[in-house]
Amino acid sequence: MDIYEHWIAGAARPANSNRLGPVYNPATGEQERQVRLADETDVAAAVHAAKTAFESWSETSVTARARIMFAFRQLLVEHELELAGVISREHGKTIDDARGEVVRGREVVEFACGIPQLLKGDFNDQVSGGVDSFSFRQPLGVVAGITPFNFPIMVPLWMHPIAIACGNTFVLKPSERVPGASDLVARLYREAGLPDGVFNVVHGDKVAVDALLRSPDVAAVSFVGSTPIAKYVHETATAHGKRVQALGGAKNHAVVMPDADLDYVTDHLVAAGYGSAGQRCMAISAVVAVGPVADALVAKLRDKTRQVRIGPGDDPASEMGPVISAAARERILSYVDEGRAAGAEVVVDGRDTSVAGKPEGFYVGPTLLDHVHPAMKVYTDEIFGPVLSVLRVATLDEAIDLIAANPYGNGTAVFTSSGEVARTFQRRVPVGMIGVNVPIPVPMAFHSFGGWKDSLFGDHHIHGPEGVRFYTRAKVVTQRWPHVNEESLAALNFPNAT
Ligand code: NAD
């Protein structure tokens, strides 16, 4: 069986560790490959390669760095289908959905192509007699990225193109459940002309993560994953003196007002709730029906949910693939059982779903729950599967209070035809990314992405302008070029002339 090995200093390298993990095809439930799980020595080798490469990469001109990003971007275009195939095979999402994540990730590379413009500093002429002052930003050194299973290429692409374009070198620790896309990305970077050691991949689990968090040679860590691990990564890496951005889990609410167009809302909620089998950090999982809208909305959602076509990701007829693992399937099913026992109505039941010819695949059908209450576990916990819960409230204020009381604050949306309602919602709701009649408001690459509260630990959102700030630090220079024999004017007091 093929083994994914670490990519260090421009090549796949034999590892010190002999631990291996399984890589499944969720559509069939079969193990197809293995992945090397790094030990501390393997991580140290990747960090050493990155540290060595930093010496020359940080001295490489910004235009040369931008040109490599242009070449890398072109290779991502040429390999789009190949990348989508690998992602679909290891994650389970449909090929079309996988292509979408390749494109959205590529947009970050397009943003990074503008790095000469993004790194421009500021200059003040004559801040005092004969004195000028200017500021500019420099890279941090070796930075690490630790990423989740649900976007095998897009989430790493939120990080490394910007970090590398800024002059840093990078060590990626992708999810051990979906290693294939990172392997291919490493090869494409080499083809684009990126010097060896600037981009490295170590595969692994907690052992590899801990080694990165503790390494004295890693200056900063970008993490995306579940909230408990995000919190742990933030605390551990900051305790080891690193700059950290750690993006966590989510419970995203869509508020449906009585004045919304229910057919439009239904189409968008079914897509946002069940796309990628609900395994998106911006998936809608809680529908908040305001006032009299609930009965009609639930009836429409029921009819549309029943039409979702489930099957393997590589079948063009499939709209929704399997979930990532057998354990994830069991977890999701037990949440539905628990919700039902707690009094929720199972309007559409995906628990017994099977797909012809794939009896061992990790399938869960789209599931719609009504009359869900805030105390139920189906509401309090992030299920991360194709389960939409409907909660009923009387007013917009109640809907906003419900969202505010939830510990997560990643994304949310309001569906309405009232500008006033939309404005009130966007100003009051304590959530980082807000959609108005847009269910999954993922910011474009030239804005930054990030939630509030338990959905993000750290000060910076990811990619966009905040990404450039995260991966660089500022310098301010104050300079004077005195004439020969100019009177010095030096004094022991602070300058106080006005
Ligand atoms: P996860 O937290 O289990 O894993 C994320 C990364 O952490 C992986 O690389 C994994 O190897 C590593 N890891 C796992 N357990 C660890 C431990 N005990 N110590 C150190 N490292 C550990 O997340 P996942 O299941 O791969 O991904 C799904 C989660 O990611 C969901 O909660 C989802 O909401 C979240 N997510 C958030 C965003 C966002 O932008 N906020 C985006 C995508 C996914």
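What comes next concerns the included structure.

### Some details on the overall build of the protein
Alright, step 1. Check the secondary structure of the protein and you find 16 helices and 23 strands.
Alright, step 2. Expected size for 498 residues packed as a compact globule is a radius of gyration near 23 Å; at 25 Å, the protein falls within 12% of this value.
Alright, step 3. By its C-alpha atoms, the protein is 90 × 60 × 40 Å across when sized along the principal axes.
Alright, step 4. Burial status across the protein gives 56% buried among its 498 residues.
Alright, step 5. For the protein, the accessible area works out to roughly 20900 Å², and carbon and sulfur atoms hold 51% of it.
Alright, step 6. Distance from the positive charge centre (46 side chains) to the negative charge centre (57 side chains) of the protein: 2 Å.

### A closer look at the state of the cysteines
Alright, step 1. Tallied over the entire structure, the rule returns 0 disulfides.
Alright, step 2. With no disulfide of its own, C113 has C166 as its nearest cysteine by sulfur position, at a separation of 13 Å.
Alright, step 3. Classification of C113 by relative accessible area gives buried; the value is 9%.

### Things to note about empty space enclosed by the protein
Alright, step 1. Inspection of the entire model under this criterion finds 6 cavities of 30 Å³ or more.
Alright, step 2. Each pocket or cavity is described by its volume, and for the largest cavity that value is around 110 Å³.
Alright, step 3. If you trace the largest cavity, you find 15 residues lining it, with G278, A283, S285, E382 and F384 closest to the centre.
Alright, step 4. The residue makeup of the lining of the largest cavity, split by class, is 7 nonpolar, 5 polar and 3 charged.

### Considerations on the nonpolar core
Alright, step 1. If you look at the biggest cluster of nonpolar residues, it comprises 64 residues, and the most contacted ones within it are V255, V256 and L269.
Alright, step 2. Filtering out sequence-adjacent residues up to four positions away, V255 remains in contact with V288, V290, L396, A399, I403, A413, V414, F415 and F425.
Alright, step 3. Listed in part, the 62 residues of the second largest apolar core include V108, A112, C113 and V143.

### Considerations on the environment of G193
Alright, step 1. Along the chain, the position of G193 falls in the loop between α7 (180-191) and β10 (199-201).
Alright, step 2. You can call G193 partly exposed: its relative accessible area is 42%.
Alright, step 3. Spatially, the C-alpha atom of G193 lies 8.3 Å from that of F72, the residues being 121 residues apart in sequence.

### As for the pairing of strand β6 (residues 122-128)
Along any regular strand, the residues point their side chains to alternate faces of the sheet.
Alright, step 1. Two strands pair when backbone bridges link them, and β6 and strand β7 (residues 131-139) are joined in this way by 4 bridges, in the antiparallel orientation. Considered in β7, the bridge of D122 is made with S135.
Alright, step 2. Where β6 hands over to β7, the hairpin turn is made up of 2 residues, of which G130 adopts a positive phi near 75°.

### Re the site of the ligand
Alright, step 1. Around the ligand sit 27 residues, and of these K173, E176, S226, G248 and E382 come closest.
Alright, step 2. One of the backbone nitrogen or oxygen atoms of T147 is found 2.8 Å away from an oxygen atom of the ligand.
Alright, step 3. G225 places a polar main-chain atom, nitrogen or oxygen, 3.3 Å from an oxygen atom of the ligand.
Alright, step 4. The fraction of the free accessible surface of the ligand (850 Å²) that becomes covered by protein chains is 88%.
Alright, step 5. When atom positions are compared with the pocket grids, the ligand is found to occupy the largest pocket.
Alright, step 6. Those elements giving two or more residues to the shell around the ligand turn out to be α8 (206-214) and β11 (218-224).
Alright, step 7. The class makeup of the residues in the shell around the ligand is 13 nonpolar, 9 polar and 5 charged.

### A short note on the sheet that holds strand β15 (residues 345-348)
Alright, step 1. Across the sheet, 7 strands lie side by side as β15-β16-β17-β14-β13-β19-β20; this open sheet has mixed pairing. The sheet is open, and its two edges are formed by β15 and β20 (433-436), each paired on a single side. Geometrically, the sheet is characterised by an average inter-axis angle of 20° between neighbouring strands, direction not taken into account.
Alright, step 2. As defined by bridge partners, strand β13 (residues 252-256) adjoins strand β19 (residues 411-415) across 4 bridges and the pair is classed as parallel. Each bridged residue has a counterpart across the sheet, and for A254 the counterpart in β19 is A413.
Alright, step 3. Helix-sheet contacts for helix α14 (residues 396-405) involve β13, β14 (284-290), β17 (387-393) and β19, and the interaxial angle to β13 is about 180°.
Alright, step 4. Against the sheet, helix α15 (residues 419-428) touches β13, β19 and β20, its axis set at about 165° to β19.

### Quick notes on the packing of α8 against helix α9 (residues 227-239)
Alright, step 1. Where α8 contacts α9, the axes come no closer than 8 Å and their chain directions differ by 35°. Here α8 runs over α9; the crossing is right-handed. Touching K206, V209, D210, L213 and R214 of α8 are Y232, V233, T236 and A237, all from α9.
Alright, step 2. Tallied by class, residues from the contact of α8 with α9 come to 5 nonpolar, 1 polar and 3 charged.

### Some remarks on the packing of helix α3 (residues 80-91) against helix α4 (residues 95-112)
Alright, step 1. In the contact formed by α3 and α4, the axes pass within 8 Å of each other and the chain directions differ by 120°. Judged by the angle between their axes, α3 and α4 are oblique. For the element pair α3 and α4, the recorded crossing hand is right-handed. From α3, E80, L81, L83, A84, G85, I87 and S88 reach across to α4, where they touch I95, A98, R99, E101, V102, V103 and R106.
Alright, step 2. Grouping the constituent residues of the contact of α3 with α4 by class yields 8 nonpolar, 2 polar and 4 charged.

Here is what the cut-offs are and how they apply
Residues numbered from 1 in each chain as written. Predicted model: local features only at pLDDT ≥ 70, side-chain atom pairs only at ≥ 80, totals over all residues. Heavy atoms only, no water. Helix = DSSP H or I, 4+ residues; strand = E, 2+ residues; numbered from the N terminus. Rg over C-alpha atoms; globule rule 2.2 N^0.38 Å. Buried < 20%, exposed > 50% of the residue type's maximum accessible area, 1.4 Å probe, protein only. Areas by Shrake-Rupley, 256 points an atom, 1.4 Å probe, with all protein chains shown as cover. Lys, Arg positive; Asp, Glu negative; His and termini not counted. Charge placed at Lys NZ, Arg CZ, Asp CG, Glu CD. Disulfide = S-S within 2.5 Å. 1 Å grid on protein atoms, 1.4 Å probe; cavity = no way out; pocket = protein on both sides within 12 Å on 5 of 7 lines; lining within 4 Å. Points joined across faces, edges and corners; volume = space filled by probe spheres on them. Nonpolar A, V, L, I, M, F, W, Y, C, P; charged D, E, K, R; others polar. Core = buried A, V, L, I, M, F, W, Y, C linked by side-chain atoms within 4.5 Å. Contact = heavy atoms within 4.5 Å. Pairing = 2+ DSSP bridges. Near = heavy atom within 4 Å. Polar contact = N/O pair within 3.5 Å; in protein donor to acceptor, adjacent residues only side chain to side chain. Sits in = over half its atoms within 2 Å of the grid points. Axes fitted to C-alpha atoms, helices over the stretch in contact; angles between N-to-C directions. Left-handed = near helix turned anticlockwise from the far one by under 90°. Parallel < 35°, antiparallel > 145°, perpendicular 65-115°, else oblique.

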